[in-house]
Amino acid sequence: MTQFAGKTAFVTGAANGIGRATAVAFAREKAAVVLADINERGNEETARLIRDSGGRAVTVHCDVREEDDVRAAVRRAVEEFGRLDIAFNNAGRETSLGPLDALNVDDFNGVMDVNVKSAFLCMKYEIPHMLENGGGAIVNTSSGAGVIGIKNQAAYSAAKHAVIGLTRSAALDYADRGVRINAVCPGIIATDMMQRVSGGTAEGRAEMLAEEPIGRFGRPEEIASAVLWLCSDSAGFAIGHALVMDGGHTI
Ligand code: NAI
């Protein structure tokens, strides 16, 4: 359980859901973890979980839509732990549901900023530090909505498709310099986001569950395992991959 000993992992959206589970999993494998989020309370809770089990974590307030915040957060990671080896660019959010003509431009731009621009900004500032160490591993969070179209979620689906395009192209840019860049595509995972999308009702959840071939929602820890694998030496030949973890939802 020490495969990331001596390494530093930077995780966005670490205050909740998939980001929290992945930050905790990295810490369990002995990485020092930098928790970046706009939700400072949630971030502190993630840090407490890690420290209570003997891990190392620092929190940093970071709005991933803002270049200055991302630049400062990545710099903080390196100042705190001396290096940057791993990044999980995961912060993101859904849109309100509805057909395309009901989407307003602010909603569209907002969902692109938080899901796509964020991954661009994070990679832009993470990669130079990884190159200084001779390499690193990055995973961006896409979605099942990044590989198929989703009714009433055009902007979110477009954003998550874009994350895969960004991931694959960046992967080619750095493949010969030791920085491996991949994406993970979660299906429906039991987090606060899923609760919001379901409308927070038992009926909403039942409707979503009816579409799951595996008969259940995913757990954040199941996405964490995929991310840890993509960042591990075992995945040394995985470049530009979009690893779908969705209980069969998109097959
Ligand atoms: P969540 O809502 O539980 O957690 C998202 C975290 O991102 C929160 O801590 C929130 O404060 C943070 N965040 C939101 N906007 C931010 C910003 N501008 N700057 C910094 N942090 C920000 O959501 P969940 O489910 O853990 O989602 C994580 C990622 O997984 C997202 O990119 C989401 O699109 C993706 N995803 C989630 C699925 C699900 O069913 N839960 C399915 C497919 C993808």
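Residues numbered from 1 in each chain as written. Predicted model: local features only at pLDDT ≥ 70, side-chain atom pairs only at ≥ 80, totals over all residues.

A.B. asks: So what's going on with the packing of helix H1 (residues 17–28) against helix H8 (residues 220–231)? Residues and values would help.
C.D. replies: Where H1 contacts H8, the two axes come as close as 8 Å, and the packing angle between them is 55°. The orientation of H1 with respect to H8, classified from their angle, is oblique. Helix-helix and strand crossings are classified by hand; for H1 and H8 the assignment is right-handed. For the pair H1 and H8, contact is made by Gly17, Ile18, Arg20, Ala21, Thr22, Ala25 and Phe26 and by Pro220, Glu221, Ile223, Ala224, Val227 and Leu228, respectively. Broken down by class, the residue content of the contact of H1 with H8 amounts to 9 nonpolar, 2 polar and 2 charged. (Axes fitted to C-alpha atoms, helices over the stretch in contact; angles between N-to-C directions. Helix = DSSP H or I, 4+ residues; strand = E, 2+ residues; numbered from the N terminus. Parallel < 35°, antiparallel > 145°, perpendicular 65-115°, else oblique. Left-handed = near helix turned anticlockwise from the far one by under 90°. Contact = placed C-beta atoms within 7 Å. Nonpolar A, V, L, I, M, F, W, Y, C, P; charged D, E, K, R; others polar.)

A.B. asks: Tell me about the nonpolar core, residues and numbers included.
C.D. replies: Considering soluble globular proteins, one finds that nonpolar side chains tend to be buried as a cluster. Counting 73 residues, the largest nonpolar core has Val11, Phe26, Val33 and Leu35 as its most contacted members. Take this core: its biggest share by element is 10 residues, from helix H4 (residues 105–132). Discounting residues that sit within four places of it in the chain, Val11 has contacts with Gly19, Thr22, Ala23, Val33, Val34, Leu35, Ala36, Phe88 and Asn90. (Core = buried A, V, L, I, M, F, W, Y, C linked by C-beta atoms within 7 Å. Buried ≥ 20, exposed ≤ 12 C-beta atoms within 10 Å, placed from the backbone.)

A.B. asks: Describe unusual backbone geometry, naming the residues involved and giving the relevant values.
C.D. replies: For Lys30, which is not glycine, the phi torsion reads 75° and is therefore positive. Relative to the elements of secondary structure, Lys30 occurs in the loop between H1 and strand E2 (32–37). Of note, the phi angle at Asn152 is positive, near 70°, even though the residue is not glycine. Along the chain, the position of Asn152 falls in the loop between strand E5 (136–141) and helix H5 (154–174). On the neighbour-count criterion, Asn152 (14 C-beta atoms within 10 Å) is partly exposed.

A.B. asks: Go over the site of the ligand, please, and point to the residues and values.
C.D. replies: Taken together, 29 residues sit near the ligand, with Gly13, Asn16, Gly17, Gly92 and Thr191 positioned nearest. Among the secondary structure elements, those contributing two or more residues to the shell around the ligand are H1 and helix H6 (192–197). Looking at the shell around the ligand, its residues break down into 12 nonpolar, 12 polar and 5 charged. (Near = placed C-beta within 6 Å.)

A.B. asks: Before we move on, could you go through the confidence of the model for the protein chain and cite the residues and values that matter?
C.D. replies: A residue-level look at the protein chain finds 100% of positions with pLDDT of 70 or above and a mean pLDDT of 97. Ranking the helices and strands of the protein chain by mean pLDDT puts strand E4 (residues 86–89) first, with 99, and H6 last, with 92. Predicted complex metrics record ipTM = 0.99 and pTM = 0.98. (pLDDT = per-residue confidence, 0-100.)

A.B. asks: So what about the sheet that holds E4? Which residues, and what values?
C.D. replies: Sheet strands associate in pairs through backbone hydrogen bonding, adopting either a parallel or an antiparallel arrangement. Reading across from one edge, E3-E2-E1-E4-E5-E6-E7 is the order of the 7 strands in this open sheet, with parallel pairing throughout. Since the sheet does not close on itself, it has two edges, and those belong to strand E3 (56–61) and strand E7 (242–245), each with one partner. With strand direction ignored, the average angle separating the axes of adjacent strands in the sheet is 20°. In terms of strand pairing, E4 meets E5 through 4 bridges, oriented parallel. Counterpart to Ala87 in the pairing with E5 is Ile138. On top of the sheet, H4 reaches strand E1 (8–12), E4, E5 and strand E6 (179–186); it is set at about 180° to E4, its chief contact. (Pairing = 2+ DSSP bridges.)

A.B. asks: Outline the environment of Gly236, listing residues and values.
C.D. replies: Positionally, Gly236 belongs in the loop between H8 and E7. Each C-alpha atom of the pair Gly236 and Ala175 lies 11 Å from the other, and the pair is 61 residues apart in sequence.

A.B. asks: Lay out helix H3 (residues 67–81) with the relevant residues and their values.
C.D. replies: Along its 15 residues, H3 runs 22 Å from first to last C-alpha, staying within 8% of the 21 Å computed at 1.5 Å per residue. Along H3, the residues that are buried comprise Val70, Ala73, Val74, Ala77 and Phe81. End-on view of H3: buried residues confined to an arc of 95°, all on one side of the axis. In H3, the exposed positions angled more than 90 degrees off the buried face are occupied by Asp68 and Glu79. Packing partners of the buried residues in H3 comprise E1, E2, E3 and H4. (Expected span 1.5 Å × (residues − 1). Arc of directions from axis to C-beta.)

A.B. asks: Can you explain the environment of Gly6? Please cite residues and give values.
C.D. replies: Secondary-structure assignment places Gly6 in the segment before E1. Assessed through the 12 C-beta atoms surrounding it within 10 Å, Gly6 is described here as exposed. For Gly6 and Ala31, which are 25 residues apart along the polypeptide, the C-alpha to C-alpha distance reads 6.3 Å.

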